[in-house]
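Okay, here's what each chain looks like letter by letter:
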Amino acid sequence: MTEQSKAVPRHVAIVMDGNGRWAKKRFLPRFFGHKQGVDALVRIVQACIDRNIEHLTVFAFSSENWKRPSDEVSGLMGLVLAAVSRYLARMGAMGVRIRIVGDRDAVSEKLRNAWNEAESSTLHNSKLTLNVAFNYGGRWDIVQAARAAMQAGVKPEELSEAKLSEFMAMSYAPDPDLFIRTGGEVRISNFLLWQAAYSEFVFSDCLWPDFGEAQLDAAIAAFRERDRRFGGVKAEAALEA
C-alpha cells in the first residue's frame, strides 16, 4: 500500500447542501430538513475524529442566505441556538474545539453569546477543530482581510499572498485539502474562495441529511486518487519530460 493510498486529508471543508430538498421529498417543511442536517453534522464530526482528520469546516449559513424567506431564516437562527444547547456538552466530551467563522455583526446578541460560550468552553480541546462558517462569504473574507491589513499598517509593497493570508478569517488553519459539496450542485457558492485554491473537489449527489460515513469514505477515496502537484510537476514526471 502506497503512502498516497493511505493519505488522509488534514482539513475537510463541506458545503452541506440539500436539506430543503430532503424535506420536500418527504412532504415536510424545510425546517425539518435543516434539523436532520444538524444530526448529520454530528455524525460526520465523529467520523472525522475516527479518521484522524484535524479540521472540519462546514458552510452553515452564507451571507447570501439572508435572501431566503424570513420564517426559514428565523427558524435557522433558532435551530442554531437549540443545537448549541443540545450538543455543546457532547462535542466537548468528544474533544472537539468549536470556532465560528463569519461576520457576527448581523446576528442577534443572544446568538453571539451562544457562540462565545461554544468557543470558550471547547477552547482547550484538540481532537478536531470544527469551524462553523455562519454569515460567511468568500468575498467578504477577502475584503475583511484587506481592510484588516490596511488597519494594521501594512504598506502596499509589503502586501503578498502570505501576508494577506495572515488576516483571513481562518488564518489559524491549513487550507482545505478536500472540499465536498453535497446535494448534486456543482459550484462552490462563494465558500472559502481564497483557501480552496488547491483543494481537491468532490461533488456528491447525496442530500446532506443522508450523508454519512460511507459517503465520507468515498470522498476520501477519491481524494487519494488525485495527483496533487500544486502547480508543479513531480520528480519522475520531470525526468520523463
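Bear in mind that the values here come from a model prediction, so they are computed numbers and not experimental data. Note on numbering: residues in each chain are counted from 1, in written sequence order. Note on the predicted model: pLDDT of at least 70 is required for a residue's local features to be given, and 80 or more for side-chain atom pairs to be given and counted; whole-chain, interface and lining totals, by contrast, use all residues. As a convention, hydrogens and water are excluded, and side-chain values are obtained from all of the structure's heavy atoms.

(A) Broad picture of the nonpolar core. If you look at the biggest cluster of nonpolar residues, it comprises 49 residues, and the most contacted ones within it are Ile14, Val45, Leu56 and Leu130. The leading source of residues in this core is helix α4 (residues 70–94), at 11 residues. In plain words, nonpolar cores are sets of buried Ala, Val, Leu, Ile, Met, Phe, Trp, Tyr and Cys residues tied together by side-chain atoms within 4.5 Å. For every residue, the accessible area obtained with a 1.4 Å probe (protein chains only) is divided by the maximum for its type, and the residue is called buried under 20%, exposed over 50%, and partly exposed between those limits. Segments assigned H or I by DSSP are reported as helices when at least four residues long, segments assigned E as strands when at least two residues long, and all are numbered from the N terminus.

(B) Examining the UniProt feature "active site" (unreviewed entry) in the protein chain more closely. In this structure's numbering, the residues bearing the UniProt feature "active site" (unreviewed entry) are Asp17 and Asn65. Spanning 49 residues, the named residues form one tight spatial group whose C-alpha atoms are at most 12.3 Å apart. From the list above, the largest pocket is lined by Asp17 and Asn65. As for its position among the elements, Asp17 is in the loop between β1 (11–15) and α2 (19–25). The class of Asp17 is buried, set by a relative accessible area of 16%. Two residues form a contact once any of their heavy atoms are found within 4.5 Å. Not counting residues within four places of it along the chain, the set of residues in contact with Asp17 comprises Arg181, Thr182, Gly183, Glu185, Cys206, Leu207 and Trp208. Its location among the elements puts Asn65 in the loop between β2 (55–62) and α4. By relative accessible area, which is 15% here, Asn65 ends up buried. UniProt positions are given in the numbering used here, feature names are shortened, and annotations may be inferred rather than shown by experiment. Only protein atoms enter the 1 Å grid, on which a cavity is a set of points fitting a 1.4 Å probe that cannot get out and a pocket is an open set with protein on both sides within 12 Å along at least 5 of 7 lines, lining residues being those with an atom within 4 Å of a point.

(C) Structural context of the layout of surface pockets. Grid points are joined across faces, edges and corners, and a volume is the space filled by probe spheres set on the points. Taken as a whole, the largest pocket holds about 970 Å³ of empty space. Lining the largest pocket are 42 residues, and of these Met16, Asn19, Phe59, Ala60 and Phe61 lie nearest its centre. Breaking the lining of the largest pocket down by element, the ones donating at least two residues are α2, α3 (30–50), β2, α4, β3 (96–101), α5 (109–121) and β4 (128–136). No other element matches the 8 residues that α4 contributes to the lining of the largest pocket.

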